[in-house]
Amino acid sequence: MEGTYYKEWSPVLGREMEFKVYGHSGVPVLALPARGGRFYDWENSGTVDAAASLLNSGKMQLFCADSIDAESLLAGNASPRRKAELQEKYFNYLTVELAARIRELNAPSVPEDEASAKKDEASAKKTEPVRLWCAGIDTGAYQAVNCRLRRPEVFAGAIGLSGIYDVSRFFGPADGDDLILRNSPLAALHTDGLLDNSLLAKADENSLFLCVGQGGYEDEALADTKALSSALEEQGLPAHIEIWGGDVSHDWYWWNKQFGMFAQRLFD
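Here the residue numbering is sequential within each chain, running from 1 through the sequence in written order. Predicted model: local features are reported for residues with pLDDT of at least 70 only, side-chain atom pairs are reported and counted for 80 or more only, and whole-chain, interface and lining totals are derived from all residues. With hydrogens and water excluded, all non-hydrogen atoms of the structure serve as input to the side-chain values.

Now for the overall build of the chain. Working definition: helices are DSSP H or I runs of at least four residues, strands are E runs of at least two. Numbering for both runs from the N terminus. Helix and strand counts for the chain come out as twelve helices and eight strands. For a compact globule of 268 residues, the expected C-alpha radius of gyration is about 18 Å, and the chain comes in at 18 Å, within 12% of that figure. Taking the principal axes of the C-alpha coordinates as reference, the chain spans close to 55 × 40 × 35 Å. The cut-offs for exposure are 20% and 50% of the maximum accessible area for each residue type, with area from a 1.4 Å probe on protein chains only; residues under the lower value are buried, those over the upper are exposed, and the others partly exposed. The buried share of the chain, taken over its 268 residues, is 50%. In short, Shrake-Rupley with a 1.4 Å probe defines the accessible areas, and a residue's cover is counted only from the protein chains shown. As presented, the chain carries roughly 12,000 Å² of accessible surface, and 48% of it is formed by carbon and sulfur atoms. If you average the places of the 26 positive and of the 40 negative side-chain charges in the chain, the two averages end up 3 Å apart. Atoms counted for the radius of gyration: C-alpha only. Globule rule: 2.2 Å times the number of residues to the power 0.38. Charge assignment: positive for Lys and Arg, negative for Asp and Glu; neither His nor the chain ends contribute. Here the site of a charge means NZ on Lys, CZ on Arg, CG on Asp, or CD on Glu.

Okay, structure coming up:
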């Protein structure tokens, strides 16, 4: 499926970041790649095509972001604090810079005089900004869930497929480090005051979709999805959890099926 390519400067990261947009209108969904992946992986692996009917009909618009995993989560020689600093910058890029850009690109284009009238009307009504969804695979699922839990006023919901949520694998234990703690969903859920639990608790279970298989190479994701599900339940936070069968492996074939099904369920 054809998309529109962007390469734009990120002040918070101090570099140009690439992303690609599919669809022309509808619910804006920020899509995050798997471990060490790139913005084009969703297209090249067939995930964009899995949601083609929603994209073509204007019910959903997909914004595929790039990652900086090689310098943050996967930077083997970096200190845990350095990894966390870069992860926090990436989080701010997603939730502040790119989220604002997504709203701009998602807004319908109208004639200047009509746009001015709509702006005046919106100002009078003090309308809330459009809230995004986010979706991710593997460590991209972690990023999506991190965005939803920490910025529920920006992200209406998240879809996490085969998520790796225990980021002590990358950072090590938090040990009082505030940035590691803030970027560790399992730890943050058990720490008072880090998340807006009152706002998160008001959502229905469809605001957080977590799915994982029980087949090949899903062991870590299965353990982490169960752990995140338990942590959410302990805090009284709603989520929809699906654990698929023993034939469902850690693979794009299944992620395409899952994303296509959940997007249809949520946005059609």
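By definition, two strands form a pair when at least two bridges between them are found by DSSP. Across the sheet, eight strands lie side by side as β1-β2-β4-β3-β5-β6-β7-β8; this open sheet has mixed pairing. Each edge of the sheet is formed by a strand with only one pairing partner; in this case those strands are β1 (4–10) and β8 (240–243). When the angles between neighbouring strand axes are averaged without regard to direction, this sheet yields 20 degrees. Alignment of strand β3 (residues 27–32) against strand β5 (residues 132–137), held across four bridges, turns out to be parallel. If you follow Leu32 over to β5, its bridge partner there is Gly136. The axes are straight lines fitted to the C-alpha atoms, using for helices just the contacting stretch, and the angles between their N-to-C directions are given from 0 to 180°.

The analysis is restricted to geometry; functional conclusions fall outside its scope.
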